[in-house]
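# What the coordinates show
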Amino acid sequence: RAIGSGTLSDSEFGSTRKMADGSHYIIFDEQVSKVGTLETLAHEMGHVHQKEVFVNATPEMQQELRTEHLKWLDTQKGATAKELAKALRARQTGKTTDMPDAPADRLANAAYWRSFNEWYADQTARWATTQDKPLTSVENFFSRLGKAMKNFYSQLVNKKYLPSDAFVDYMDQENQQNEPKPDPV
């Protein structure tokens, strides 16, 4: 399906839009690193996941994830903008996001950087790029890419780039509920 046009601002690596028919498209900027591109795609898929799956989760699950976000926010009190980006984004993107060493609270768009939506998308990116069992649709569609992504992240020793345990449990539960049924043929 052809998309007429899409643009990104100078500060964006990627973006997602929902079309009139309910489908989504993702646009992204070509990055120097394949890992950065994978993280951006996983992040944008996280926004789609939130719009399509999280909104239909039980109220208890939604509250559990919102509580997890609030816990994360508490850990960011007094952080610099650079520290906030590293704590929020997936590994490569966290390292390469250009942020000042000034207090994060002084950012003009501080609400964006602390928002549940960005946290959710980045938790999805971390989950998709660090778990033993990646998103089924990603693994099926991007089989070789998924394997390369898993191999790269299996070598990580720095655990600060992993998603929270509550988010991993949530995504694993969603995947179990939405696993494709075996073909009866």
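Residues numbered from 1 in each chain as written. Predicted model: local features only at pLDDT ≥ 70, side-chain atom pairs only at ≥ 80, totals over all residues. Heavy atoms only, no water.

### Describing a negative patch on the surface
- A cluster of acidic residues, Glu64, Asp165, Asp169 and Asp172, forms a negative patch at the surface.
- Looking at the negative patch element by element, the count peaks at three residues for helix α9 (residues 165-177).
- In this structure, Glu64 sits in helix α2 (residues 59-75).
- By relative accessible area, Glu64 is classed as partly exposed at 39%. (Patch = residues over 30% accessible without salt bridge, like charges linked within 9 Å, V, L, I, M, F, W, Y side chains within 5 Å. Areas by Shrake-Rupley, 256 points an atom, 1.4 Å probe, with all protein chains shown as cover. Salt bridge = Lys/Arg side-chain N within 4 Å of Asp/Glu carboxyl O. Lys, Arg positive; Asp, Glu negative; His and termini not counted. Charge placed at Lys NZ, Arg CZ, Asp CG, Glu CD. Helix = DSSP H or I, 4+ residues; strand = E, 2+ residues; numbered from the N terminus. Buried < 20%, exposed > 50% of the residue type's maximum accessible area, 1.4 Å probe, protein only.)

### As for the nonpolar core
- Grouped together as the largest cluster of nonpolar side chains are 27 residues, with contacts concentrated most on Leu65, Trp113, Trp119, Tyr120, Phe167 and Tyr170.
- Of all the elements in the fold, those that place two or more residues in this core are α2, α3 (81-88), α5 (110-114), α6 (116-130) and α9.
- Non-local contacts of Trp113, meaning those with residues more than four positions away in its chain, are made with Trp72, Leu84, Ala85, Leu88, Arg89, Thr97, Met99 and Leu107. (Core = buried A, V, L, I, M, F, W, Y, C linked by side-chain atoms within 4.5 Å. Contact = heavy atoms within 4.5 Å.)

### Remarks on the pattern of salt bridges
- Under the counting rule described, the total for this entry stands at five salt bridges.
- With a shortest N-O distance of 2.9 Å, Glu118 and Arg89 are connected by a salt bridge. Of the two residues, Glu118 is situated in helix α6 and Arg89 in the loop between α3 and α4 (91-96); the sequence distance between them amounts to 29 residues. Both residues of the pair, Glu118 and Arg89, belong to the buried class.

### Details of the confidence of the model for the protein chain
- Mean pLDDT over the protein chain: 75, with 71% of residues reaching 70 or higher.
- Contacts of residues 134-149 to residues separated by more than four positions or lying in other chains number 18 contacts, the stretch itself having pLDDT below 50. (pLDDT = per-residue confidence, 0-100.)

### Examining the environment of Phe13
- Inspection of the secondary structure assignment puts Phe13 in the segment before β1 (14-18).
- Separated by 80 residues in sequence, Phe13 and Thr93 place their C-alpha atoms 9.5 Å apart.

### Looking at α2
- The end-to-end C-alpha distance of α2, which contains 17 residues, comes to 25 Å, matching closely the 24 Å that a straight helix rising 1.5 Å per residue would cover.
- Where α2 is concerned, the buried positions are Met61, Leu65, Glu68, His69, Trp72 and Leu73. Along the axis of α2, the buried positions cluster into a sector of 145°, meaning they face one direction only. In this structure, α2 carries Pro59 and Glu60 as exposed residues pointing more than 90 degrees from its buried face. (Expected span 1.5 Å × (residues − 1). Arc of directions from axis to C-beta.)

### Things to note about the packing of aromatic side chains
- Inspection of every chain in the model, using the stated rule, returns nine aromatic pairs.
- Ring geometry for Tyr112 and Trp113: centres 5.4 Å apart, planes at 90°, overall edge-to-face.
- According to the relative accessible area criterion, Tyr112 is partly exposed, its value standing at 37%.
- Between the aromatic rings of Trp119 and Phe167, the centroid separation amounts to 5.8 Å while the plane-to-plane angle is 85°, which identifies the pairing as edge-to-face. (Phe/Tyr/Trp six-rings, centres within 6.5 Å; stacked < 30°, edge-to-face > 60°.)

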